[in-house]
Amino acid sequence: MKLNLNIQPLSSWVNIKNEPLIISGPCSAETEEQLLATAHLLAATGKVSVLRAGIWKPRTRPGEFEGIGSIGLEWLKKAKQETGLPTAVEVATAKHVEEALASGVDILWIGARSTANPFTVQEIADVLKGVDIPVLVKNPVNPDLSLWIGALERINNAGITKLGAIHRGFSSYEKSAFRNEPMWELAIQLKTLCPELPIINDPSHICGNRELIPYISQKALDLDMQGLMIESHIDPSVAWTDAKQQVTPAALAEIVERFSLRKPESKNEEFVDKLADLRKQIDKIDDLMIQKLGERMAIIEKIGEYKRDNNVTILQVNRWDEIINKRSAFAKAVKLDLNFTEKFLELIHNESIRKQTEIMNLGEELSNIEEASAK
Ligand code: PEP
Ligand code: MN
């Protein structure tokens with residue numbers, strides 16, 4: 001399946017000062033001084049192409065700072081006039097969109113909580129009909145690719161072709177080093193479904209702390225994402241929202257300077273030949289793995305029939321433990337990651353159980369049918 005979005009390339013709607021595209025600015029606009037001072041320092045680094053600021057903040061709990069509101073749009077306008085940086089804000093209602101457009105905001109983005117709600121996204125899409133403005137759609141809070149795609153489609157159907165996605169990670173129940181699990185595979189799937197859709201990574205909301213931002217940013221660039229949105233603040237320690245994850249403009253410049261920029265392709269002939277050769281080897285191994293999995297499944301079918309005919313349960317926990325233990329030791333010896341090996345075996349095991357269940361039940365059904373026809 002390919003996604004049918006009508007999209008203009010990123011470079012046609014944002015002036016990228018320096019590769020990669022960096023969108024930066026405070027999580028929230030707090031005061032005129034804070035926003036202007038941050039904007040001036042960001043502009044002076046020469047590395048930032050767009051100034052971001054949250055004006056209306058969707059807070060998880062009531063009573064937290066809910067954004068400075070419309071007055072912040074005036075400050076943003078001033079920041080743009082003084083620094084020349086185009087501006088971006090989050091919109092969550094039709095009214096936000098109208099106000100942002102009226103005060104000359106250059107780029108709108110839809111936040112993670114809004115993307116999760118199709119009513120909200122449709123309300124924003126409806127008010128955008130006939131408007132020519134770039135819109136970035138953050139992934140929804142929950143790891144649901146269809147919801148993310150649905151929001152992109154709604155905005156695109158409203159006629160917005162200057163469209164991009166922002167990967168900001170997904171909320172997860174499990175404890176982790178990240179505030180929001182990156183779940184890179186979802187962003188990769190989106191990229192595969194629609195290669196022309198620009199995807200910008202938001203390491204600030206993935207990490208939830210300053211320390212991991214360089215690592216996540218570099219990984220995003222290595223996965224060929226088109227840019228980064230990184231929160232910055234003149235003095236992060238006193239930020240009213242997301243204090244732990246904001247960086248000073250100077251720290252931002254340092255992070256960006258240290259990036260290794262790798263190209264998606266190289267035209268060097270020796271490189272191309274060598275890569276093609278390595279890929280051929282991989283293809284051969286993949287074919288072999290598929291063939292072996294097929295053979296394994298044929299044996300599983302026999303086991304299923306045998307268990308069915310002898311009235312034995314599908315799952316024998318001891319056997320599963322044995323598989324995991326033996327294979328994990330072998331995997332370690334050939335330098336495979338243990339976690340990966342376990343996940344891989346679990347996937348195969350689940351499929352084996354599914355197959356055996358099918359056989360058992362089919363057997364039952366068949367014997368019922370046989371019994372019925374014998375009567
Ligand atoms: C933000 O960008 O400040 C924000 C609220 O992000 P998210 O919607 O990703 O939580
Ligand atoms: Mn934030």
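## Considering helix α5 (residues 118–128)
Along α5, the residues that are buried comprise Thr 120, Val 121, Ile 124, Ala 125, Val 127 and Leu 128. Packing partners of the buried residues in α5 comprise α3 (94–102), β4 (107–110), α4 (112–115), β5 (135–138) and α6 (145–157). For α5, the N-terminal cap is Asn 117; the gap from its side-chain oxygen to the backbone nitrogen of Phe 119 is 2.9 Å. Of the residues flanking the end of α5, it is Gly 130, one or two places downstream, whose phi is positive at about 85°.

## Re the domain arrangement of the protein
Domain boundaries assigned for the protein yield domain 1 (10–257) and domain 2 (269–374). One C-alpha centre belongs to domain 1, the other to domain 2, and the line joining them spans 43 Å.

## Details of the coordination of the manganese ion (ligand 2)
Expected angles at a metal are 109.5 degrees for tetrahedral coordination by four donors and either 90 or 180 degrees for octahedral coordination by six donors. Surrounding the manganese ion (ligand 2) are the protein donor atoms Cys 27 (SG), His 205 (NE2), Glu 231 (OE) and Asp 242 (OD), at 2.1 to 2.4 Å. In primary-sequence terms, the residues that donate to the manganese ion (ligand 2) follow C-x177-H-x25-E-x10-D. Of this pair, Glu 231 sits in strand β8 (residues 227–231) while Asp 242 sits in the loop between β8 and α10 (249–257); the two residues are 11 residues apart in sequence, bridging distant segments of the chain. Like Glu 231, the residue Asp 242 is buried in the burial classification.

## Examining the site of ligand 1
Inspection of the region around ligand 1 gives Cys 27, Arg 52, Lys 57, Glu 90, Trp 109, Gly 111, Ala 112, Arg 113, Lys 138, Arg 168, His 205 and Glu 231 as its neighbouring residues. In this structure, Arg 52 approaches ligand 1 through a side-chain N or O atom, which is 2.8 Å from an oxygen atom. Here an oxygen atom of ligand 1 and a side-chain polar atom of Glu 231 are 3.1 Å apart. When ligand 1 sits alone it has 300 Å² of accessible area, and the protein chains cover 97% of it. Broken down by class, the residue content of the shell around ligand 1 amounts to 3 nonpolar, 2 polar and 7 charged.

## Some thoughts on the pairing of strand β6 (residues 163–167)
In regular strands, side chains alternate between the two faces of the sheet. Of all 5 residues in β6, 5 are buried, a share of seventy percent or more. With burial as the criterion, each face of β6 is covered, one bearing Leu 163, Ala 165 and His 167 and the other bearing Gly 164 and Ile 166. As paired strands, β5 and β6 are joined by 4 bridges and run parallel to one another. Bridging across to β6, Val 135 finds its partner in Leu 163. At this point the chain moves from β5, through α6, to the parallel β6, and the crossover so formed is right-handed. Inspection of the sheet shows β6 paired to strand β7 (residues 199–201) by 3 bridges, in the parallel sense. Its bridge partner lying in β7, Ile 166 is registered against Ile 200. As a crossover connection, the stretch from β6 through helix α7 (residues 184–193) into β7 is right-handed.

## Regarding the packing of helix α1 (residues 32–45) against helix α2 (residues 71–83)
At their nearest, the axes of α1 and α2 sit 9 Å apart, and the two run at 30° to each other. Classed by the angle they form, the pair α1 and α2 counts as roughly parallel. When the axes of α1 and α2 are compared, the crossing they make is right-handed. Only Gly 72, Trp 75, Leu 76, Lys 78, Ala 79, Glu 82 and Thr 83 of α2 make contact with α1, whose side of the interface consists of Glu 32, Leu 35, Leu 36, Ala 39, His 40 and Ala 43. Of the residues belonging to the contact of α1 with α2, the class tally is 7 nonpolar, 3 polar and 3 charged.

## What to know about the packing of aromatic side chains
Within a pair of aromatic rings, the relevant descriptors are the distance that separates the centres and the angle that separates the planes. Scanning the model with the defined rule gives 3 aromatic pairs in all. For the pair Phe 65 and Trp 240, a centre-to-centre distance of 5.0 Å together with 90° between the ring planes defines the contact as edge-to-face. Taken together, the residues Phe 65 in the loop between β2 (50–52) and α2 and Trp 240 in the loop between β8 and α10 connect sequence positions 175 residues apart. The class for Phe 65 is partly exposed, based on a relative accessible area of 21%. A relative accessible area of 43% means that Trp 240 is categorised as partly exposed. Seen from their ring centres, Phe 340 and Phe 344 are 5.9 Å apart, and the 15° between their planes marks the pair as stacked.

## Considering unusual backbone geometry
Residue Pro 20 is reached from Glu 19 by a cis peptide bond, and omega for that bond is -10°. Locating Pro 20 in the fold gives a position in the segment before β1 (21–25). Positive phi values are uncommon outside glycine, yet Met 183 reaches one of about 40°. Tracing the backbone through its elements, the reader meets Met 183 in the loop between β6 and α7. Residue Met 183 is classed as partly exposed on the basis of its relative accessible area, which comes to 22%. One non-glycine residue, Asp 242, lies in the positive phi region at around 45°.

## Here we look at the pattern of salt bridges
Tallied over the full model, the rule gives 20 salt bridges. A salt bridge links Glu 254 to Arg 258; its shortest N-O distance comes to 3.3 Å. The exposed category is assigned to Arg 258, whose relative accessible area is 64%. Across the pair Lys 292 and Glu 295 runs a salt bridge, and its minimum N-O distance is 3.2 Å. With Lys 292 and Glu 295 both in helix α11 (residues 269–309) and 3 residues apart, the pair spans about one turn of that helix. A relative accessible area of 46% means that Lys 292 is categorised as partly exposed. Shared partners join several salt bridges into a network, and the residues in it are Glu 301, Glu 351, Arg 354, Lys 355 and Glu 358.

Reading guide: rules and limits
Residues numbered from 1 in each chain as written. Chains lettered and ligands numbered in written order. Predicted model: local features only at pLDDT ≥ 70, side-chain atom pairs only at ≥ 80, totals over all residues. Heavy atoms only, no water. Buried < 20%, exposed > 50% of the residue type's maximum accessible area, 1.4 Å probe, protein only. Helix = DSSP H or I, 4+ residues; strand = E, 2+ residues; numbered from the N terminus. Contact = heavy atoms within 4.5 Å. Polar contact = N/O pair within 3.5 Å; in protein donor to acceptor, adjacent residues only side chain to side chain. Domains from an automatic or database assignment. Donors = N, O, S within 2.8 Å, 3.2 Å for Na, K, Ca; no water. Near = heavy atom within 4 Å. Areas by Shrake-Rupley, 256 points an atom, 1.4 Å probe, with all protein chains shown as cover. Nonpolar A, V, L, I, M, F, W, Y, C, P; charged D, E, K, R; others polar. Pairing = 2+ DSSP bridges. Right-handed = clockwise from strand over helix to strand, strands pointing away. Axes fitted to C-alpha atoms, helices over the stretch in contact; angles between N-to-C directions. Parallel < 35°, antiparallel > 145°, perpendicular 65-115°, else oblique. Left-handed = near helix turned anticlockwise from the far one by under 90°. Phe/Tyr/Trp six-rings, centres within 6.5 Å; stacked < 30°, edge-to-face > 60°. Salt bridge = Lys/Arg side-chain N within 4 Å of Asp/Glu carboxyl O.

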